[in-house]
Each structure stands twice: as C-alpha cells, then as structure tokens.
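# Inside the fold
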Amino acid sequence: MDKLPKIALPVIFGFIVVIILFSKSTVTIDSGQAGVLYKTFGGGVVTDEAPMGEGFHIVAPWNRVTVYEVRQQEVLEKMNVLSSNGLDIKLEASAWFEPIRNDLGKLHQEKGEDYIQRVLLPTIRSAARSVVGRYTPEQLYSSKRDAIQQEIFDETQKIVSGQYIQLNEILVRDVTLPPTIKDAIERKLKQEQESLEYEFRLVTAKKEAEKVTIEAQGKADANKILSASLTDKILQDKGIDATLKLAQSANAKVVVVGSGESGLPLILGNN
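Residues numbered from 1 in each chain as written. Predicted model: local features only at pLDDT ≥ 70, side-chain atom pairs only at ≥ 80, totals over all residues. Heavy atoms only, no water.

When its secondary structure is counted, the protein chain shows 7 helices and 10 strands. In the protein chain, which comprises 271 residues, the proportion classed as buried is 27%. Expressed as a percentage of contacts within the protein chain between residues at least 6 apart in sequence, the contacts between residues at least 24 apart total 63%. Accessible area of the protein chain: about 18300 Å², with a carbon and sulfur share of 56%. (Helix = DSSP H or I, 4+ residues; strand = E, 2+ residues; numbered from the N terminus. Buried < 20%, exposed > 50% of the residue type's maximum accessible area, 1.4 Å probe, protein only. Contact = heavy atoms within 4.5 Å. Areas by Shrake-Rupley, 256 points an atom, 1.4 Å probe, with all protein chains shown as cover.)

If you want it as structure tokens, here you go:
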C-alpha cells in the first residue's frame with residue numbers, strides 16, 4: 001500500500017462509493033410485479049402516479065421501491081364457524097384476488113405490505129361466520145354449498161371493494177361436520193332416498209293396474225256391443241253359411257242347420 005500513489009486511495013474509495021450508490025439506485029421489477037416508490041425528501045409514498053412497471057429502473061439512492069405481486073393470487077383459510085343451531089363447523093375456503101394496480105400506492109400507504117393478513121383474511125372469516133350462521137348442518141352438507149359460496153363472496157366483496165383489492169372468486173373447499181351429525185344426516189338422506197324409491201314403485205304399480213283395468217273394460221264393452229248386435233236371424237244366416245262351406249268337403253258329414261229345436265239335420269255325402 002505504501003508504494004501506491006497517494007491519489008490511488010481516493011480513486012479506489014470513490015469507485016467503491018459509486019458502486020454502492022449505483023446498486024442502491026437500481027431496481028429490477030420482474031414479470032407480474034409492480035413497484036411503489038417512496039420519496040424520502042419528496043412527500044413519501046407516490047400515490048398520484050402509476051406504479052413502476054416491469055423492467056430495470058434507476059431511482060435516487062435515498063428513495064425506496066417496494067415491489068408487489070399484481071397477478072391473481074390465492075389465499076387459503078381454515079376456520080371454525082357456527083351453524084344456525086350452534087354446532088361447530090370446520091370450513092375451508094380460498095380466495096382468488098389481486099391488488100388494484102393503479103391504487104397500489106394507496107394500498108401500500110394505508111394497508112401496508114401485509115394487507116392480506118390485515119384486510120383480506122379477517123374479511124373472509126367475518127363473512128364466512130355470518131353466512132354459515134344462517135344455515136343448518138344438513139343444508140351445509142348437502143344442498144346449499146353453492147349458495148353459501150356465493151354469499152360469502154358477496155359479503156367479502158362489499159368490504160374489500162373499498163380497500164384497493166379486487167376479489168375474483170371465493171371457493172368453499174371443504175365443510176367438515178362433527179362425526180355424529182354427519183352420520184345422522186347421511187342416515188336421514190338414505191332413508192329419504194329409499195322412501196322416494198318406494199313411492200316411485202307404488203306410482204308405477206298403480207299406473208300399470210290402471211292400464212290393465214282400462215284394457216279389460218275396453219274388451220268387455222266391445223263384447224257387450226257385439227252381443228247386442230247378434231240377433232237370431234244373423235246367427236241363423238251365419239250357421240247356413242258355415243254349413244254350405246262344410247258341404248264342400250270331400251268327407252260325408254251330418255250337419256244341423258239352424259239352432260235350437262228348429263235345427264234340421266242334413267246328410268251330406270260324396271257325389
């Protein structure tokens with residue numbers, strides 16, 4: 001070191017300072033991110049300008065840039081809630097959300113980097129408890145899952161809409177009931193299904209019986225009409241026709257023409 005020119009030390013020191021200042025003056029923002037600029041001597045967080053976009057940026061070394069994820073994100077929350085009759089229900093729900101890009105400065109200034117824990121998750125928990133408290137365990141287990149999901153979304157949306165957060169979807173992943181309640185509901189649903197099947201068989205048997213009755217009544221009515229139309233004269237004519245057809249046979253026969261006491265035997269033979 002003693003052999004170095006006296007000017008070399010200041011140059012080396014200055015070079016090191018320049019490197020440090022340059023490293024603190026550059027920011028690289030990755031894809032799907034945006035940066036909020038904080039001006040130490042210029043009014044703090046910049047809220048009246050768009051956030052810094054993707055790419056390489058140079059800022060004053062005394063200023064700071066906070067980088068946020070601005071793509072859609074998902075947060076999962078597991079919670080215990082009470083049903084309408086006071087039973088403890090375990091609910092697992094997730095939210096799809098993203099910070100509103102143009103309001104990123106206000107979000108950083110008013111809520112901070114941990115806005116998910118400060119705003120979003122408490123809101124989801126509050127909405128879930130409010131919504132689930134309107135339903136019975138049986139409704140939660142079976143028919144109302146979609147309705148509950150939509151209602152939690154609506155109630156969460158009302159709160160976070162003014163908090164610089166865009167809520168895209170609420171998904172109810174799982175609803176866990178106490179085992180005894182779950183077993184009781186499953187038995188009840190099974191009994192209801194069996195009852196519906198039994199009623200269906202009864203209806204089907206009744207319709208089949210009605211069909212048979214209608215067919216039998218139709219046949220009876222047809223026979224009644226036919227019997228009423230067959231007079232003695234018609235029967236006698238039909239007997240004569242039948243006799244004449246038999247007479248054409250090659251075998252000899254004894255045929256009675258007519259009916260009752262007036263029937264006359266005819267001996268028919270080969271010619």
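The next point concerns the sheet that holds strand 7 (residues 88-99). Within a beta sheet, neighbouring strands are joined by backbone hydrogen bonds and run either parallel or antiparallel to one another. The strand order across the open sheet formed by 3 strands is 6-7-8, and the pairing between neighbours is antiparallel. Unpaired on one side and paired on the other, strand 6 (73-82) and strand 8 (165-176) mark the two borders of the sheet. Pairwise comparison of adjacent strand axes, ignoring direction, gives a mean angle of 25 degrees for this sheet. Relative to strand 8, strand 7 runs antiparallel, the two sharing 10 bridges. Counted as the bridge partner of Pro99 is Ile165 from strand 8. Against the sheet, helix 3 (residues 115-132) touches strand 6, strand 7 and strand 8, its axis set at about 40 degrees to strand 6. (Pairing = 2+ DSSP bridges. Axes fitted to C-alpha atoms, helices over the stretch in contact; angles between N-to-C directions.)

Time to look at the confidence of the model for the protein chain. In the predicted model, the protein chain carries a mean pLDDT of 78, and the fraction of residues at 70 or more is 66%. Taken element by element, the protein chain is modelled with least confidence in strand 10 (residues 264-268), mean pLDDT 49, and with most confidence in helix 2 (residues 104-110), mean pLDDT 94. (pLDDT = per-residue confidence, 0-100.)

What follows deals with helix 3. If you check helix 3, its first and last C-alpha atoms are 25 Å apart, about what 18 residues at 1.5 Å a residue would give, namely 26 Å. Taken residue by residue, helix 3 has Tyr115, Ile116, Val119, Leu120, Leu121, Thr123, Ile124, Ala127, Ala128, Val131 and Val132 as its buried positions. (Expected span 1.5 Å × (residues − 1).)

Turning next to the packing of helix 3 against helix 5 (residues 145-160). Relative orientation of the contacting elements helix 3 and helix 5 amounts to 135 degrees, with a least axis distance of 9 Å. Comparing the axis directions of helix 3 and helix 5 gives the class oblique. Handedness of the crossing formed by helix 3 with helix 5: right-handed. In contact with Leu120, Thr123, Ile124, Ala127, Ala128, Ser130, Val131 and Val132 of helix 3, helix 5 contributes Ile148, Glu151, Ile152, Glu155, Thr156, Ile159 and Val160. Looking at the contact of helix 3 with helix 5, its residues break down into 10 nonpolar, 3 polar and 2 charged. (Parallel < 35°, antiparallel > 145°, perpendicular 65-115°, else oblique. Left-handed = near helix turned anticlockwise from the far one by under 90°. Nonpolar A, V, L, I, M, F, W, Y, C, P; charged D, E, K, R; others polar.)

All right, on to the packing of aromatic side chains then. For the coordinates displayed, the defined rule picks out 3 aromatic pairs. Relative to Tyr115, the ring of Phe97 has its centre 6.4 Å away and its plane inclined at 80 degrees; by these criteria the two rings are edge-to-face. Of this pair, Phe97 sits in strand 7 while Tyr115 sits in helix 3, and the two are 18 residues apart along the sequence. The pair Phe97 / Tyr115 is uniform in exposure class, with both members buried. (Phe/Tyr/Trp six-rings, centres within 6.5 Å; stacked < 30°, edge-to-face > 60°.)

Relative to the helices and strands, Gln149 is located in helix 5. Along the sequence, Gln149 and Val131 sit 18 residues apart, while their C-alpha atoms lie 8.9 Å from each other. Every residue in contact with Gln149, bar those within four places of it in the chain, is listed here: Ile170, Leu171 and Val172. At 2.9 Å, the side chain of Gln149 forms a polar contact with the backbone nitrogen of Val172. (Polar contact = N/O pair within 3.5 Å; in protein donor to acceptor, adjacent residues only side chain to side chain.)

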